[in-house]
Amino acid sequence: MNRKVGRPQGGPRGSTQQANALAEFLLTLTAGMTVRELAARYHVGKTLWSEYRSGLKIIPLELLTRLVQDHAPDERTRHGHMETATRLYAAALEAAHREPIPVAPPPLPPPTSTPTAAVMAPAESLERLRDAAVHAPCSSSVAAPRSRFSRCSPCCSDGVLQVGTPCSP
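Residues numbered from 1 in each chain as written. Predicted model: local features only at pLDDT ≥ 70, side-chain atom pairs only at ≥ 80, totals over all residues. Heavy atoms only, no water.

A. Representation of the packing of aromatic side chains. One pass over the structure, following the stated rule, counts two aromatic pairs. Both rings, one in Tyr 42 and one in Trp 49, keep their centres 5.9 Å apart while their planes meet at 55°; by these two values the pair is tilted. Under the relative-accessibility criterion, Tyr 42 is labelled buried at 3%. On the basis of relative accessible area, Trp 49 is assigned to the buried category, the value being 0%. (Phe/Tyr/Trp six-rings, centres within 6.5 Å; stacked < 30°, edge-to-face > 60°. Buried < 20%, exposed > 50% of the residue type's maximum accessible area, 1.4 Å probe, protein only.)

Here it is in structure tokens:
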């Protein structure tokens, strides 16, 4: 059983009918080949092949010409496919140029240079909480005065004053 691995190709998803027509032609031309095989043979990434075959991107004419030459069994077929390929390519390119370019949303106003009170309040509250925890008195009778980074006296199990928990000797 000679079954190809990979996800089946979905329908065309190009932005124009012409791009979709070119994608359909590519699918017909490369029928039986996976994007992995195409990527290895033509040195173009798998993602690009998926985009070409779905109509999301227009395949370059040079690559399209190589495909037609490689996949047509005889000169007469090759000539007919080449005429179809160039016609579809030109139509897809022209339609892409006619497509309106999406307009970017207007830029956001520049941020103010001074923080507002709503932004400052949480930061100030956190600093007050931290200072209160660092300078909290130890309930142990052997506690020594502490600086901002000092440890509690040996009465605490791990030697560090736990915030909200009194020392227990």
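B. Structural view of the nonpolar core. In terms of nonpolar packing, the biggest core is built from 20 residues, with Phe 25, Trp 49, Tyr 52, Ile 59, Leu 63, Leu 64 and Leu 67 touching the most fellow members. Elements supplying a minimum of two residues to this core: helix H1 (17-29), helix H2 (35-42), helix H3 (46-54), helix H4 (61-71) and helix H5 (75-98). Excluding residues that lie within four positions of it along the chain, Leu 64 makes contacts with Leu 22, Phe 25, Leu 26, Ile 59, Ala 85 and Tyr 89. (Core = buried A, V, L, I, M, F, W, Y, C linked by side-chain atoms within 4.5 Å. Helix = DSSP H or I, 4+ residues; strand = E, 2+ residues; numbered from the N terminus. Contact = heavy atoms within 4.5 Å.)

C. Examining the pattern of salt bridges more closely. By the definition in use, this model includes four salt bridges. In this structure, Glu 75 and Arg 78 form a salt bridge, with 2.9 Å as the shortest nitrogen-oxygen distance. Placement of both Glu 75 and Arg 78 in helix H5 is noted, with a separation of three residues, approximately one turn of the helix. When its relative accessible area of 55% is taken as the criterion, Glu 75 is described as exposed. (Salt bridge = Lys/Arg side-chain N within 4 Å of Asp/Glu carboxyl O.)

D. Looking closely at H3. Listed in full, the buried residues belonging to H3 are Trp 49, Tyr 52, Arg 53 and Ser 54. Packed against the buried residues of H3 are H1, H2 and H4. After H3 finishes, the residue Gly 55 shows a positive phi value of roughly 90°.

E. Focus on unusual backbone geometry. Of note, the phi angle at His 43 is positive, near 55°, even though the residue is not glycine. Along the chain, His 43 turns up in the loop between H2 and H3.

F. Seen up close, the packing of H1 against H3. Relative to each other, H1 and H3 sit at 115°, their axes nearing to 6 Å. Residues Asn 20, Ala 23, Leu 26 and Leu 27 of H1 form the contact with H3, whose own contacting residues are Tyr 52, Arg 53 and Ser 54. Within the contact of H1 with H3, the residues separate by chemical class into four nonpolar, two polar and one charged. (Axes fitted to C-alpha atoms, helices over the stretch in contact; angles between N-to-C directions. Nonpolar A, V, L, I, M, F, W, Y, C, P; charged D, E, K, R; others polar.)

G. Layout of the packing of H2 against H3. Relative orientation of the contacting elements H2 and H3 amounts to 115°, with a least axis distance of 8 Å. Taken as axis vectors, H2 and H3 run roughly perpendicular relative to one another. Judged by the sense of rotation from one axis to the other, the crossing of H2 with H3 is right-handed. Taken together, the residues of H3 that come into contact with H2 (itself represented by Val 35, Arg 36, Leu 38, Ala 39 and Tyr 42) are Lys 46, Trp 49, Ser 50 and Arg 53. (Parallel < 35°, antiparallel > 145°, perpendicular 65-115°, else oblique. Left-handed = near helix turned anticlockwise from the far one by under 90°.)

H. A look at the environment of Arg 98. Along the chain, Arg 98 falls in helix H5. Counting along the chain gives 82 residues from Arg 98 to Thr 16, while the straight-line C-alpha distance between them is 9.9 Å.

I. Local environment of the environment of Leu 29. Structurally, Leu 29 can be placed in helix H1. By relative accessible area, which is 10% here, Leu 29 ends up buried. Along the backbone, Leu 29 and His 71 are 42 residues apart, and their C-alpha atoms lie at a distance of 6.7 Å.

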